[in-house]
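Residue-level structural notes
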Amino acid sequence: MLAIRNLRLNPPLLLAPMAGLTHSAFRSLLLQLGGVGLFSTEMLSARRLPVENAASPFLVSTEAEHPLSYQLLVADKAHLPAAIDKVLQLEGDAIDLNLGCPAPRVRYFGGGSRLVEDTDYLRQLVAEARAHTSLPLTAKIRLGEQLDEARLKSLCRLLEGEGIDLLTVHARLRKEPFSRKPRWEWVGKVKNWLSIPVVANGGIFSVEDGRRCLALSGADGLMLGRGAAIRPWLFHEIASQLYAIDLPPLTIDRPAIYFSFIDQLEERFRPERRLGRLKEFTHYFSRTYPFGLWLASAVQTSSSVAEARERAADFFSRNEAQPIPA
Ligand SMILES: Cc1cc2nc3c(=O)[nH]c(=O)nc-3n(C[C@H](O)[C@H](O)[C@H](O)COP(=O)(O)O)c2cc1C
């Protein structure tokens with residue numbers, strides 16, 4: 001169990017913010033399977049958030065999807081007060097500052113990993129966020145431009161000093177692709193420099209990965225991203241096997257999980273908002289099947305959710321006998 005301010009994360013397993021993926025339908029699916037300690041939205045523009053309608057696909061959420069952290073993509077600290085007020089109005093449980101996104105478009109506007117390059121401004125920005133909320137305030141970073149202990153240490157200490165309650169470290173350098181092996185031991189360095197909880201992120205796709213990551217980093221918790229879309233039951237597995245959380249036994253029925261996701265999409269989103277999200281999810285979910293590429297491309301080329309559903313049913317009828325790789 002991990003506590004930040006009045007929020008208890010039990011288990012200390014966090015869902016990574018992922019644009020196009022960590023929306024209400026996906027969170028609801030994970031909720032059904034169990035094991036998530038803190039849900040997350042995808043990154044939300046602090047500038048646009050205050051005028052975003054509650055029915056927007058980025059904000060739609062159910063009572064059950066808690067605790068829920070809202071991740072803010074911010075470049076201008078002046079946008080923070082209204083964005084934070086909106087999170088309070090939406091009954092968010094925590095606020096995360098995106099300080100790691102390497103996407104050129106995000107950096108061009110001064111957000112994500114660009115923010116850590118101007119530490120004076122970053123200090124003011126974090127102070128501004130801290131002054132406007134007593135909610136748990138967290139931040140998510142990458143390791144930096146290059147491996148530079150002094151620089152990383154001073155960034156982490158700055159964040160802790162300005163009142164960040166928990167730091168998530170995606171254990172890769174800014175320019176490193178997701179395919180690169182994560183540097184979990186660097187999360188351990190961060191952990192040793194700080195007294196706030198440190199969460200490790202990057203490259204956890206199995207219980208064994210989680211175990212090795214914890215052993216190498218000594219992290220206070222784990223954040224799962226793509227692994228949770230590939231194996232939505234991964235939270236349950238890690239929660240029960242690494243954190244001894246008592247959960248109902250798990251039955252992994254992949255077609256049922258997939259169709260339940262489609263049902264949640266249909267319940268939450270307007271018709272034109274469903275297919276894109278199904279394609280994004282399928283891109284990951286298909287990977288536990290040896291012929292998963294077939295499923296991914298069948299859904300990718302579908303022109304409606306109904307067509308995708310039919311093609312997926314056909315795929316499952318021919319491939320379900322394949323065991324799930326460890
Ligand atoms: C499709 C996709 C969208 C992402 N969107 C965000 C985002 O909105 N905010 C963020 O901080 N990181 C984002 N990330 C990075 C993830 O949060 C996470 O740091 C990264 O995927 C590494 O973790 P993993 O190996 O468990 O996936 C995204 C990653 C992916 C694959």
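What comes next concerns the included structure. (Residues numbered from 1 in each chain as written. Predicted model: local features only at pLDDT ≥ 70, side-chain atom pairs only at ≥ 80, totals over all residues. Heavy atoms only, no water.)

As enumerated under the stated definition, the model contains 13 aromatic pairs in all. Arranged with centres 5.1 Å apart and planes meeting at 80 degrees, the rings of Y289 and F315 form a pair that is edge-to-face. Placement of Y289 in the loop between helix 11 (274–285) and helix 12 (292–300) and of F315 in helix 13 (residues 305–319) is noted, with a sequence separation of 26 residues between them. F315 carries the same exposure label as Y289, and that label is buried. Geometrically, the ring pair formed by Y289 and F316 is tilted, given 5.8 Å between the ring centres and 40 degrees between the ring planes. Remark: F316 occurs in helix 13 and Y289 occurs in the loop between helix 11 and helix 12; sequence separation between them is 27 residues. There is no split in this pair, since Y289 and F316 are both buried. One residue, K189, lies across the ring of W186, its end atom 4.9 Å from the ring centre. One cation-aromatic arrangement involves R254 over Y289; the distance from NZ or CZ to the ring centre is 3.8 Å. (Phe/Tyr/Trp six-rings, centres within 6.5 Å; stacked < 30°, edge-to-face > 60°. Helix = DSSP H or I, 4+ residues; strand = E, 2+ residues; numbered from the N terminus. Buried < 20%, exposed > 50% of the residue type's maximum accessible area, 1.4 Å probe, protein only. Lys NZ or Arg CZ within 6 Å of the ring centre and 35° of its normal.)

This paragraph deals with the sheet that holds strand 7 (residues 137–144). Strand order in this open sheet of eight strands is 3-10-9-8-7-6-5-4, and the pairing throughout is parallel. The sheet is open, and its two borders are formed by strand 3 (13–15) and strand 4 (39–45), each paired with just one other strand. Shown here is a sheet whose adjacent strand axes are inclined to one another by a mean of 25 degrees, direction ignored. Examined bridge by bridge, strand 8 (residues 166–173) and strand 9 (residues 198–201) share four bridges and lie parallel to one another. By the bridge assignment, L167 is partnered in strand 9 with V198. Packing of helix 5 (residues 149–161) onto the sheet brings it into contact with strand 7 and strand 8, and relative to strand 7 it is tilted by some 175 degrees. Seen against the sheet, helix 9 (residues 234–242) touches strand 3 and strand 10 (221–224) and runs at an angle of roughly 165 degrees to strand 3. (Pairing = 2+ DSSP bridges. Axes fitted to C-alpha atoms, helices over the stretch in contact; angles between N-to-C directions. Contact = heavy atoms within 4.5 Å.)

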